[in-house]
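# Per-entry structural report
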Amino acid sequence: MKILLMEDDLILNEIITEHLEEEGYKVLSVFDGEEAQEKIYSQTFDLLLLDVNVPNLSGFDLLKDIRSKEIKTAAIFITSANMLEDIEEGFNSGCDDYIKKPFELKELDLRINNIKRLHNISPSTNIELSTNLSLDIKKLCINKDEEDIHITQKECDVLLYLIKNKNKNVSIDELSLNVWAYEDSPIASTIRTYIKNLRKIVGEEYILNTRGVGYRFNG
């Protein structure tokens, strides 16, 4: 699980980063909003941990910006801005949870585990899709009827994103923003080709094409 941590307090940043890495997470830490924005647009994360009062771009404004661009990565605010109106603004900007400082690291663990459950972020490299169908993220293959079918990294990333957003319509633009690096976004026909290849492997009944809207994983 890859986490972006935005916290401008150097000591707290180090404490949280060290703790999360000990828990087995991959952590990229930044200290201001503009740097976080750059990283979010150029990389893919499973979770954003965002302080609010940071230099250059506040956590609230950062999350509003990426949500407006259909980036739906789960986000938790970690902040001393704990007035009721702050909490309201946090949820209105699109966060999934809100932790008030000071907090225990155990509380952070509990909230991250809840996000993993709600967003189907699995620590396992093997995701079972049905009794005869599974995706192995590490081996880059789909096992169907006891046969391993190898796929590319991007095909795996696309399928994984659809799985995480199962039973929801996902547009071409959303896939482009969340799976590909911001500066290297593919043309729509490229993404359709990946989807076409995946549908051949897993079956059209799993990846539904909603005309004019996008695709939906039927899990």
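Residues numbered from 1 in each chain as written. Predicted model: local features only at pLDDT ≥ 70, side-chain atom pairs only at ≥ 80, totals over all residues. Heavy atoms only, no water.

Going by the annotation in an unreviewed UniProt entry, the name recorded for the protein is Response regulator, with Poseidonibacter ostreae given as the source organism.

### What to know about the overall build of the protein
Of regular secondary structure, the protein possesses eight helices and eleven strands. Scaling as 2.2 N^0.38, a compact globule of 219 residues should have a C-alpha radius of gyration of about 17 Å, and the protein matches this with 18 Å. Every one of the 219 residues in the protein was classed for burial, and the buried ones make up 46%. Across the protein, contacts joining residues at least 24 apart in sequence account for 54% of those joining residues at least 6 apart. Surface exposure of the protein reaches about 11,300 Å², of which carbon and sulfur atoms provide 47%. Looking at charge distribution, the protein has the averaged site of its 26 positive side-chain charges lying 8 Å from that of its 40 negative ones. (Helix = DSSP H or I, 4+ residues; strand = E, 2+ residues; numbered from the N terminus. Rg over C-alpha atoms; globule rule 2.2 N^0.38 Å. Buried < 20%, exposed > 50% of the residue type's maximum accessible area, 1.4 Å probe, protein only. Contact = heavy atoms within 4.5 Å. Areas by Shrake-Rupley, 256 points an atom, 1.4 Å probe, with all protein chains shown as cover. Lys, Arg positive; Asp, Glu negative; His and termini not counted. Charge placed at Lys NZ, Arg CZ, Asp CG, Glu CD.)

### A few points about the confidence of the model for the protein
Averaged over every residue, the pLDDT of the protein is 90; the share at 70 or more is 97%. Ranking the elements of the protein by mean pLDDT puts strand 6 (residues 126–130) last, at 83, and strand 3 (residues 47–50) first, at 96. (pLDDT = per-residue confidence, 0-100.)

### Re the nonpolar core
Counting 27 residues, the largest nonpolar core has Ile142, Leu159, Leu162, Leu175 and Ile207 as the members making the most contacts within it. Counting only elements with at least two residues in this core, the list comes to strand 6, strand 7 (133–136), helix 6 (153–164), helix 7 (172–179), helix 8 (188–202) and strand 11 (214–217). By residue number, the principal contributor to this core is helix 6, which donates seven residues. The contacts of leucine 159, once residues within four sequence positions are left out, are Leu135, Ile142, Leu198, Val202, Ile207 and Phe217. (Core = buried A, V, L, I, M, F, W, Y, C linked by side-chain atoms within 4.5 Å.)

### Looking at unusual backbone geometry
With an omega of -5 degrees, the peptide bond running from lysine 101 to proline 102 counts as cis. If you trace the backbone, proline 102 turns up in the loop between strand 5 (97–100) and helix 5 (105–118). One non-glycine residue with positive phi stands out, namely leucine 140, at about 55 degrees. Relative to the helices and strands, leucine 140 is located in the loop between strand 7 and strand 8 (141–144).

### Quick look at the packing of aromatic side chains
Using the criterion set out here, one finds five aromatic pairs in the structure. Ring geometry for phenylalanine 77 against tyrosine 98: centres 6.0 Å apart, planes inclined by 65 degrees, an arrangement best described as edge-to-face. Taken together, the residues span a long stretch of sequence, with phenylalanine 77 in strand 4 (residues 74–79) and tyrosine 98 in strand 5 at a distance of 21 residues. Residues phenylalanine 77 and tyrosine 98 agree in their burial class; the two are buried. Put simply, the rings of Phe60, Phe77, Phe91 and Tyr98 pair up and form one aromatic cluster. Directly above the aromatic system of phenylalanine 45 lies the positively charged group of lysine 2, at a separation of 5.0 Å from the ring centroid. (Phe/Tyr/Trp six-rings, centres within 6.5 Å; stacked < 30°, edge-to-face > 60°. Lys NZ or Arg CZ within 6 Å of the ring centre and 35° of its normal.)

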